[in-house]
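Understanding the architecture of this molecule
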Amino acid sequence: MIGLRTLSALPNLIGVLIITFLITRALPGDPAAFFAGAAGSQEAVEQIRAKLGLDKSLVEQFAYYVRDLARGDLGTALSTGRPVLDEILGRLPASLELTLSALMLATAIAIPLGVLAATRPGSWIDHMCRALTTAGVSLPTFFTGLLLAYIFYYRLGWAPAPIGRLDPYATPPATVTGFYLIDAALAGDLDVFIASARQLILPALTMALFVLAPLARMTRAAMLGVLSADFVRTARAYGLSRFTVLYRYAFRNALLPVVTTLGMVFSFLLGSNVLVEKVFAWPGIGSFAIESLMASDYAPIQGFVLTMGALYVLLNLAIDILYRIVDPRVEVSG
Amino acid sequence: MKSRLMSRFTFRLFAAMCFGSLVPTAVPAASPKDVLIVANETGPNSLDIHGVGANRPSYGVAWLVYDRLITHGRKKLPDGTLSYDYSKIEPELAESWVVAKDGLSVTFKLRKNATFHDGTPVTAKDVKWSYDRALAMGGFPQFQMKAGSLEKPEQFEVVDEHTFRVSFPRRDKMSLPDMAVPVASIYNSTLAMKNATPDDPWAANWLKNNAAGGGAYKVESWKPGQEIVYARFDNWKSGPMPKVRRVIQREVPSAGNRRALLERGDIDMTYEMPPKDFQELSKAGGKLHVASVPVENAVWYVGMNVTKPPFDNVKVRQAVAYAIPYEQLMAGAFYGRAVKLWGGSGLRPGQPVWPTPHSYKTDLAQAKKLMQQAGHADGFETTLSYDLGQGTISEPVAILLQESLAKIGIKLVINKVPGANWRAAMLKKDMPLIVNRFGGWLNYPEYFFYWTYHGQNAVFNTMAYQNPELDRLVDAARFEADRKKYENQVRDFIEVAHKDVPRVPIAQPVMDVAMQKNVSGYTYWFHLQPDYRQIVKQ
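Basis of the calculations
- Residues numbered from 1 in each chain as written.
- Chains lettered and ligands numbered in written order.
- Predicted model: local features only at pLDDT ≥ 70, side-chain atom pairs only at ≥ 80, totals over all residues.
- Heavy atoms only, no water.
- Helix = DSSP H or I, 4+ residues; strand = E, 2+ residues; numbered from the N terminus.
- Buried < 20%, exposed > 50% of the residue type's maximum accessible area, 1.4 Å probe, protein only.
- Contact = heavy atoms within 4.5 Å.
- Areas by Shrake-Rupley, 256 points an atom, 1.4 Å probe, with all protein chains shown as cover.
- Lys, Arg positive; Asp, Glu negative; His and termini not counted.
- Charge placed at Lys NZ, Arg CZ, Asp CG, Glu CD.
- Phe/Tyr/Trp six-rings, centres within 6.5 Å; stacked < 30°, edge-to-face > 60°.
- Lys NZ or Arg CZ within 6 Å of the ring centre and 35° of its normal.
- 1 Å grid on protein atoms, 1.4 Å probe; cavity = no way out; pocket = protein on both sides within 12 Å on 5 of 7 lines; lining within 4 Å.
- Points joined across faces, edges and corners; volume = space filled by probe spheres on them.
- Expected span 1.5 Å × (residues − 1).
- Arc of directions from axis to C-beta.
- Core = buried A, V, L, I, M, F, W, Y, C linked by side-chain atoms within 4.5 Å.
- pLDDT = per-residue confidence, 0-100.
- Pairing = 2+ DSSP bridges.
- Axes fitted to C-alpha atoms, helices over the stretch in contact; angles between N-to-C directions.
- Salt bridge = Lys/Arg side-chain N within 4 Å of Asp/Glu carboxyl O.

Looking at the overall build of chain B
- Along its length, chain B carries 17 helices and 21 strands.
- C-alpha atoms of chain B, sized along the principal axes, occupy 90 × 70 × 45 Å.
- The buried share among the 538 residues of chain B stands at 57%.
- Expressed as a percentage of contacts within chain B between residues at least 6 apart in sequence, the contacts between residues at least 24 apart total 69%.
- Accessible area of chain B: about 21200 Å², with a carbon and sulfur share of 53%.
- Treating the 67 positive side-chain charges of chain B as one cloud and the 54 negative ones as another, the clouds have centres 5 Å apart.

In structure tokens form, the structure reads like this:
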């Protein structure tokens, strides 16, 4: 069933493939002119165009691209000079580590906040929830990031320097998963674990603040809806404890829209990564994609969009499976 | 074993959380004296300066990891900052050299004890291979070699193991300096050839990611887009042993954060910040030191496309030159971190130097008069373009220009061109009016003019300017042996350029580098990349 579901995502990916190929070609920039460098005479530009294979027809270029892709070759990033696949595999864990930490942080804050706000509508906690989420969603992430860095690093000195995943003196743990926290734990290296956890705090908080709003608001709304439902009234009438009513009956039933929001939020986060990574010098795929876009470097842009496409497909699959766990009545099928 | 390790880890983590060591502390680690931490906007994208698309920071890699045959001496500027000395050529890999009497060849004697990082001795064969490679790779390295009349592999000759001769097709004063630019780096040909393939005879793919040099620093690790770490090569023979043993160069894209890192003492050095930051950091009594040196042979300018009306009319161009709000630009866009190039004594320079001030100044009455004479009393509308990649300075310049030119009836629509498109746009030469910056590596006026004003119409002649008289003067100055004649030719072509004014020079940019007070020895080099070999950290 899951296999079938995955197969059905293939046309999507093929669509993504064709569209990104066409869009990158339609961008107004000229990579040959860009990479001809300081001494870019017209001949030099043509020479480089031929070297990059950009003098061939679009159809030919696409055929080569698909052929290479079938071999697992995503091409070479001109801006860093390395294979795109290596770049993406090397940087994806950094982005995912950040995004997942942010998501966990956001969930850990937003869901209790939403539940509390729903059980006490109109109270101070409800107002605080509203204020916090409005602020979080209305400030652009790069601004929140700069603000947090200014306050907690520059002014107070509590947070470590916004200089990437580890401070310059520390040595990264041996790569197993590429997630520094997990790799450090596997290596039993507590110092690196703490060092990388500290580096994560500010960027993860920045991103978490941005998605608090949809999560907390959705939890609150769903909980309010469920709490006024008949079965909750019945449960209360039976004299079940407040905790049981709230968590076993109400929360579980409110979870479905929350999980949907979680999926949406995760994709937001992947997108907003780009700016947060820039601010915190985080070596993830977002900042890589931006740099490639600046240079009209086709191969990494295509690789990036394709990776994102694949991630979204996986994400949707995961959400569907979660639905089934939350609510067994939901059928997962192609 | 693994599980015991894990449980110990969990225990210590738990303990750490209990005792609050996860809560960050304010004490920055004291940085060792022989380790330098630098943060910059972008890092190298290649370890091979000859490769396609190697960016500016990769010139810095070539400079540190590879040696040249010769280099330049250093001099102290009036404010105490150190700069390379263009007029002084000093030994690097070559311990001595002799220029032939007719000036048509030079013979280098290489250091006998010099080795590459892997221990292979450096021989004349490596030098020839490297020069041949610079020509064979095409594009920028070939171009740069040709700028010094280094045009054909036959010019490079291995005399014996430690003797290397270069012959020149003509006497060219740029030949020797051209062998001291990063492109003329000496590669370990034995190591490179081991990694060459029939498809890739010059090992371009391998050298992109691996260094094969013998310079003062080795690449300890390189993560493109993140950081490059250099370690000193302790067997370096081509100069005094550097004091800094290890250099960590991180990429921190946000200029604001780089400033914060520097102010809090987490990094030792940074550059590429907006001029406003440097202005604030350099204020007297600050905790930091800012070294500023005017960038040689570089100019911020307003360029006008002379092939199309209305800028085909010299009166209109002069009107623009009189309507530019120079003082405002210096204060509001450059924050004083530049050298003024207006308000000089005349259009003909006293000294044969470039950049040199012209005598235009903000004079709206004069500008209006010229517009009237040109038949544009009612003004016109046009587009002003600039490179978004240089937006920190170009954007305020564009806005101030828009405001000022409106006063003489020229209505400007501002067109921001993204960095990737800028070069293509320059190549097309169809932008009527631009704000831009250009700098030439070799510090000769005629070199600058050859690229920017000469009728050969290089990409940097953004105005598509053609003037046979100026071309003749620039060509003559290039190979003029007589000092006096040369100086007059330079004065002549600068005068022509200022009278015809296809581009209006505004200011000469300044290279600012901010560092901790305990860092000294920073030296300005024409390639603008940091040279850690001379840095000392107290």
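What to know about the overall build of chain A
- A tally of helices and strands in chain A yields 14 helices and zero strands.
- When its helices and strands are written in sequence order, chain A yields α-α-α-α-α-α-α-α-α-α-α-α-α-α.
- Of all 334 residues assigned to chain A, the portion counted as buried reaches 50%.
- In chain A, once contacts between residues fewer than 6 apart in sequence are set aside, the share between residues at least 24 apart is 74%.
- Looking at chain A as shown, the accessible area adds up to about 15200 Å², and 69% of this sits on carbon and sulfur atoms.
- Positive and negative charge centroids in chain A, built from 24 and 22 side chains respectively, lie 13 Å apart.

A few points about the packing of aromatic side chains
Residue and element names in this part refer to chain B.
- By the definition in use, this model includes 38 aromatic pairs over all chains.
- Here the aromatic rings of Phe-311 and Phe-380 are separated by 5.9 Å at their centres, their planes lie at 80 degrees, and the arrangement is edge-to-face. On the criterion of sequence distance, the pair formed by Phe-311 in the loop between strand E13 (298–304) and helix H10 (314–323) and Phe-380 in strand E15 (residues 380–387) is long-range, its members being 69 residues apart.
- Classification of Phe-380 as buried rests on a relative accessible area of 14%.
- An angle of 15 degrees between the planes, with centres 4.5 Å apart, marks the rings of Phe-449 and Tyr-453 as stacked.
- Joined through ring pairs, the aromatic side chains of Trp-354, Phe-438, Phe-448, Phe-449, Tyr-453, Phe-460, Tyr-465 and Phe-493 make up one cluster.
- Taking the ring centre of Tyr-444 as reference, the NZ or CZ of Lys-173 above it sits at 5.5 Å.
- For Arg-503, the ring lying beneath its charged end belongs to Tyr-301, and the centroid distance is 3.6 Å.

Considering the layout of surface pockets
- The calculated volume of the second largest pocket comes to roughly 1200 Å³.
- What lines the second largest pocket is a set of 43 residues, among which A:Lys51, A:Leu52, A:Gly53, A:Thr76 and A:Leu78 lie closest to the centre.
- Among the elements of the structure, helix H2 (10–26), helix H5 (58–70) and helix H14 (298–326) of chain A together with helix H7 (204–209) of chain B are those that each provide at least two residues to the lining of the second largest pocket.
- With five residues, H5(A) is the single largest residue contributor to the lining of the second largest pocket.

Regarding H2(A)
All names here are of chain A.
- In a regular helix each residue adds 1.5 Å, so 17 residues correspond to 24 Å; H2 covers 24 Å between its end C-alpha atoms and thus fits that length.
- Listed in full, the buried residues belonging to H2 are Leu-17, Thr-20, Phe-21 and Thr-24. The buried residues of H2 all sit within an arc of 100 degrees when viewed along its axis, so they share a single face. For H2, the exposed residues set more than 90 degrees away from the buried face come down to Pro-11, Ile-19, Ile-23 and Ala-26.
- Here the buried face of H2 lies against H5 and H14.

Considering the side chain of B:Thr71
- Along the chain, B:Thr71 falls in strand E2 (residues 70–76).
- Look at B:Thr71 and you get buried, because its relative accessible area is 8%.

What about the nonpolar core?
- One finds B:Leu69, B:Phe108, B:Tyr131, B:Val166, B:Met179, B:Phe449 and B:Tyr532 to be the most contacted residues of the largest nonpolar core, which totals 118 residues.
- Contact partners of B:Leu69, with chain neighbours within four places excluded, come to B:Pro91, B:Glu92, B:Leu93, B:Ala94, B:Phe108, B:Leu110, B:Val127, B:Tyr131, B:Phe164, B:Met179 and B:Ile186.
- Among the nonpolar cores identified, the runner-up in size contains 53 residues, and A:Tyr65, A:Val84, A:Leu98 and A:Ala289 belong to it.

A short note on the confidence of the model for chain B
Residue and element names in this part refer to chain B.
- Chain-level pLDDT for chain B is 89 on average; 94% of the residues reach the 70-or-more range.
- The least confident element of chain B, judged by mean pLDDT, is helix H1 (residues 2–18) at 52; the most confident is strand E7 (residues 163–167) at 96.
- Overall, residues 1–6 carries pLDDT values under 50, and its contacts beyond four positions in sequence, including any with other chains, amount to six contacts.
- Low pLDDT (under 50) marks residues 18–29, which in the prediction has 17 contacts with non-local residues, meaning those over four places away or in another chain.
- Here the predicted complex scores 0.83 on pTM and 0.75 on ipTM.

Side note on the sheet that holds strand E6 (residues 156–160) of chain B
Residues and elements named next belong to chain B.
- Read across the sheet, four strands follow the order E4-E5-E7-E6 without closing on themselves; strand pairing throughout is antiparallel. Since the sheet does not close on itself, it has two edges, and those belong to strand E4 (94–99) and E6, each with one partner. Looking at each pair of strands side by side, their axes are set apart by 25 degrees on average, direction ignored.
- Bridging between E4 and strand E5 (residues 105–110) involves five bridges; their strand directions are antiparallel. Counted as the bridge partner of Ala-94 is Leu-110 from E5.
- Across the sheet, helix H3 (residues 124–136) lies against E5, E6 and E7, angled at about 175 degrees from E6, the strand it touches most.

Here's the deal with the pattern of salt bridges
All names here are of chain B.
- Scanning all chains against the criterion turns up 34 salt bridges over all chains.
- Two residues, Glu-227 and Lys-223, come together in a salt bridge whose shortest N-O distance is 3.8 Å.
- Judged by relative accessible area, Lys-223 falls into the partly exposed class, the value being 29%.
- In this structure, Asp-268 and Lys-537 form a salt bridge, with 2.9 Å as the shortest nitrogen-oxygen distance. Placement of Asp-268 in the loop between helix H8 (255–263) and strand E11 (269–271) and of Lys-537 in strand E21 (residues 536–537) is noted, with a sequence separation of 269 residues between them. Judged on exposure class, the residue Asp-268 and its partner Lys-537 are both buried.
- One continuous salt-bridge network, built from bridges that share partners, spans Arg-259, Glu-263, Lys-276, Asp-277 and Glu-280.

Remarks on unusual backbone geometry
Residues and elements named next belong to chain B.
- A cis geometry characterises the amide bond from Pro-309 onward to Pro-310, with omega recorded as 0 degrees.
- You can see Pro-310 is positioned in the loop between E13 and H10.
- Residues Trp-354 and Pro-355 are joined by a peptide bond in cis, for which omega reads -5 degrees.
- Take Pro-355: it is sitting in the loop between strand E14 (338–340) and helix H12 (364–373).

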